[in-house]
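This is what each chain is made of:
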Amino acid sequence: MFVTPKGIFSKQELESEERTGALTVIVAHCSESKSVFAHAVPRKGADSAGYVIEQLKQDILWLGHSRVVIKSDNEPSIVQVVQALSAALKMAGVTSVSVEASVPYDPQTNGAAESAVKMFKGTFRANVLTLERQIQARIPTDHPVMTWLARHAAMLRTLRVKGADGLTA
């Protein structure tokens, strides 16, 4: 997803030229535990420093799963991240790592992730608006608090929000 001065958008909602200068956030969702993770990243796709891969690897290791299936859409930048993440997880000792791509032009095959992103966007937006109201000022998208707030909003969804079953992730 992308955070711009105009608001918070998923990749489908924003033209590529509008993504320039936006805060880029990668959102991950564990379908088994219902945990949500989000990280502000330097750019879309894998970065040369390996930040994106390391953050996602740490998230998955934190969950403690020994078998992982990574699902994503077929966007080249995400495929690049998934391939590098798969290799990193195998190196970290995860027993079984497999990759599944969604069916092209069928959003239902990635429905759980799309739903998680939609809920995360609402939590992130509410937190940004609340903070701006408290400090009585607008927060620029390139401010360091925005990178922290992305991660914080995901943890709030994971640790504090109850699902339909009445349990938190």
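Anything mentioned here points back to the structure above.
Since the structure is predicted, the reported quantities are computational estimates derived from the model, not experimental observations.

Caption draft 1: A look at the pairing of strand E4 (residues 36-41). With 6 of 6 residues buried, E4 lies mostly within the body of the structure. Burial along E4 is two-sided: Val36, Ala38 and Ala40 facing one way and Phe37, His39 and Val41 facing the other are all buried. Two elements, strand E3 (residues 23-29) and E4, share 6 bridges in a ladder whose sense is antiparallel. Directly across from Ala28, in E4, lies its bridge partner Phe37. The antiparallel hairpin formed by E3 and E4 contains 6 residues in its connecting segment, where Lys34 sits at a positive phi of about 70°.

Caption draft 2: Geometry of the pattern of salt bridges. This model, assessed by the stated rule, comprises 5 salt bridges. Close ionic contact of Lys44 with Glu75 constitutes a salt bridge, the shortest N to O distance being 2.2 Å. Linking Lys44 in the loop between E4 and helix H1 (51-63) with Glu75 in the loop between strand E5 (67-72) and helix H2 (76-91), this pair joins segments that are 31 residues apart in sequence. Notably, a salt bridge pairs Arg138 with Glu132, separated by 3.3 Å at the nearest N-O pair.

Caption draft 3: Molecular detail of the sheet that holds E3. The 4 strands lie next to each other as E2-E1-E3-E4, forming an open sheet whose pairing is antiparallel. Looking at the sheet topology across the chains shown, the edges are occupied by strand E2 (7-9) and E4. Put simply, the sheet's adjacent strands are angled 25° from each other on average, direction ignored. Against the sheet, helix H3 (residues 111-135) engages strand E1 (2-4), E2, E3 and E4, with an angle of about 130° to E3.

Caption draft 4: Layout of the packing of aromatic side chains. Summed over the entire model, instances satisfying the criterion amount to 2 aromatic pairs. A ring pair is formed by Phe37 and Trp62, whose centres lie 5.9 Å apart and whose planes are at 90°; its orientation type is edge-to-face. Pair noted here: Phe37 is in strand E4 and Trp62 is in helix H1, with a separation of 25 residues, a long-range link. We classify Phe37 as buried; its relative accessible area is 7%.

Caption draft 5: Representation of the packing of H3 against helix H4 (residues 144-160) within the structure. As a packed pair, H3 and H4 sit with axes 9 Å apart at the nearest point and diverge in direction by 125°. Here H3 is positioned oblique relative to H4, judged by the angle of their axes. With respect to the hand of their crossing, H3 and H4 are arranged in right-handed fashion. Here Met119, Phe120, Thr123, Phe124, Asn127, Val128 and Leu131 of H3 lie close against H4, whose contacting residues are Val145, Met146, Leu149, Ala150, His152, Ala153, Ala154, Leu156 and Arg157. By residue class, the composition of the contact of H3 with H4 is 12 nonpolar, 3 polar and 1 charged.

Caption draft 6: Seen up close, H2. Taking 1.5 Å as the rise per residue, H2 with 16 residues should run 22 Å; its terminal C-alpha atoms sit 23 Å apart, in good agreement. Within H2, the full set of buried residues consists of Ser77, Val81, Val82, Leu85, Ser86, Ala88 and Leu89. At its buried positions, H2 is contacted by H1, E5 and strand E6 (96-101). One or two positions beyond H2, positive phi appears at Gly93, with a value near 100°.

Thresholds, definitions, all that
- Per-chain numbering applies: the sequence of each chain, read as written, is numbered from 1 onward.
- A pLDDT threshold of at least 70 governs which residues receive local features in this predicted model, and a stricter bar of 80 or more applies before side-chain atom pairs are shown or counted, although totals over entire chains, interfaces and linings include all residues.
- The side-chain quantities take in all heavy atoms of the structure and omit both hydrogens and water.
- Whether a residue is buried, partly exposed or exposed follows from its accessible area with a 1.4 Å probe, protein chains only, as a fraction of its type maximum: under 20%, in between, or over 50%, in that order.
- A run of DSSP states H or I qualifies as a helix once it reaches four residues; a run of E qualifies as a strand once it reaches two. Both are numbered from the N-terminal end.
- DSSP bridges decide pairing: two strands pair if at least two such bridges lie between them.
- One speaks of a salt bridge when a side-chain nitrogen belonging to Lys or Arg is within 4 Å of a carboxyl oxygen belonging to Asp or Glu.
- Here the axes come from fitting lines to C-alpha atoms, over the contacting stretch only for helices, and the angles between their N-to-C directions go from 0 to 180 degrees.
- Contacts were defined at the residue level, with two residues in contact if any of their heavy atoms lie within 4.5 Å.
- Only Phe, Tyr and Trp rings take part, Trp by its six-membered ring, and two of them pair if their centres are within 6.5 Å. Stacked means planes under 30 degrees apart, edge-to-face means over 60, and tilted covers everything else.
- Under this scheme an angle from 65 to 115 degrees is roughly perpendicular, one under 35 degrees roughly parallel, and one over 145 degrees roughly antiparallel; angles in between are oblique.
- Left-handed is the label given to a crossing in which the near helix is rotated counterclockwise from the far helix by less than a right angle, and right-handed is the label when the rotation is clockwise.
- In the scheme used here, Gly and all other residues not listed as nonpolar or charged are polar, with Ala, Val, Leu, Ile, Met, Phe, Trp, Tyr, Cys and Pro taken as nonpolar and Asp, Glu, Lys and Arg as charged.
- Each residue after the first adds 1.5 Å to the expected span of a helix.

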